[in-house]
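# A look at the structure
In case you want the letters, here they are:
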Amino acid sequence: MELYDVMRTTFAARDFTADSLPDATLLKILEAARFAPSGGNRQGWSVIVVRDQKTREALSALTAPAAKRHAAQAQNGENLWNTIDRPRVDAAAIERTPAPVRLIEPPLKAAVVLVICVDLKVVASTDQELDRVGVISGASIYPFAWNILLAARHEGFGGTITTLAVSQEPKIQQLLGIPPHVAVAAIMPLGRPVRQLTRLKRKPVAEFARHERWDGRPFTG
Ligand SMILES: Cc1cc2nc3c(=O)[nH]c(=O)nc-3n(C[C@H](O)[C@H](O)[C@H](O)COP(=O)(O)O)c2cc1C
């Protein structure tokens, strides 16, 4: 596929056909994805390729608690899982909110599930002294994760970067034997999408790019 077409049409695929994603194709995808950048080129990523049904079920179950909070906050009109706007829903409201099927089902239905990890011993976190949630560390792993989705799209497959299960990271580490200094960055279901979306909802450039300063005039080229 042409690069711009891939960039404009790589969507969050959550519904998959029964088609398999063979190891040979997955290897090709990972072969291309490994050229992603990372801080200091330390390449702290690891990928666990999960096909086992019991492990998928466990990953789906570990997604449920965060999916319940996600849904409860959405119903309450809140910014989801935000660190500045703290949650206003209480534990009881979260408990009685069912986990949306579309958030917990993908690991069960995908051809394969990738657990994408990053070794925190090699990640440079230049924002570590700031009084806000860390952002920089993710930049050493998510370009790699996104490269997987771009390459998958090129091969006719799709998937999603999912992070809800990471709220239960210690249990994922225990489930898969991941050491404590290795963070789980994403659980990525991959497979052949039932539908291929081609018109993704995204803001126009003028809404997010400005000349020279935060309050500068919109950048329109
Ligand atoms: C950091 C990050 C975390 C995400 N976590 C989840 C998740 O836990 N579950 C999920 O279903 N989608 C998750 N997504 C997918 C987003 O919802 C999706 O990329 C966005 O809604 C755009 O979807 P579209 O490309 O189909 O338009 C995540 C995406 C990113 C980048």
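All of the points below concern the structure found in this document. (Residues numbered from 1 in each chain as written. Predicted model: local features only at pLDDT ≥ 70, side-chain atom pairs only at ≥ 80, totals over all residues. Heavy atoms only, no water.)

### Describing unusual backbone geometry
Residue Gln-43 is not a glycine yet carries a positive backbone phi of 50°. On the basis of relative accessible area, Gln-43 is assigned to the partly exposed category, the value being 38%. Notably, Trp-81 is not glycine yet its phi reads approximately 55°, a positive angle. Mapping Trp-81 onto the fold places it in the loop between α3 (53-75) and α4 (91-96). (Buried < 20%, exposed > 50% of the residue type's maximum accessible area, 1.4 Å probe, protein only. Helix = DSSP H or I, 4+ residues; strand = E, 2+ residues; numbered from the N terminus.)

### So, the layout of surface pockets
If you add up the space inside the largest pocket, you get close to 590 Å³. Considering the residues around the largest pocket, the lining is formed by 21 residues, among which Val-133, Gly-134, Tyr-142, Thr-163 and Val-166 are closest to the centre. Elements represented by at least two residues in the lining of the largest pocket include exactly α3 and β4 (182-191). Ranked by residues supplied to the lining of the largest pocket, first place goes to β4 with three residues. Residue composition of the lining of the largest pocket, by class: 14 nonpolar, seven polar and no charged. (1 Å grid on protein atoms, 1.4 Å probe; cavity = no way out; pocket = protein on both sides within 12 Å on 5 of 7 lines; lining within 4 Å. Points joined across faces, edges and corners; volume = space filled by probe spheres on them. Nonpolar A, V, L, I, M, F, W, Y, C, P; charged D, E, K, R; others polar.)

### Observations concerning the side chain of Arg-56
Tracing the backbone shows Arg-56 in helix α3. One buried charged side chain, Arg-56, makes no salt bridge at all; its nearest oppositely charged neighbour is Asp-52, positioned 7.4 Å away. Once you skip the residues sitting within four places of it in the chain, Arg-56 turns out to touch Val-50, Arg-51, Pro-107, Leu-108, Lys-109, Ala-110, Ala-111, Val-112 and Val-113. (Lys, Arg positive; Asp, Glu negative; His and termini not counted. Salt bridge = Lys/Arg side-chain N within 4 Å of Asp/Glu carboxyl O. Contact = heavy atoms within 4.5 Å.)

These figures come from the coordinates and say nothing about function on their own.
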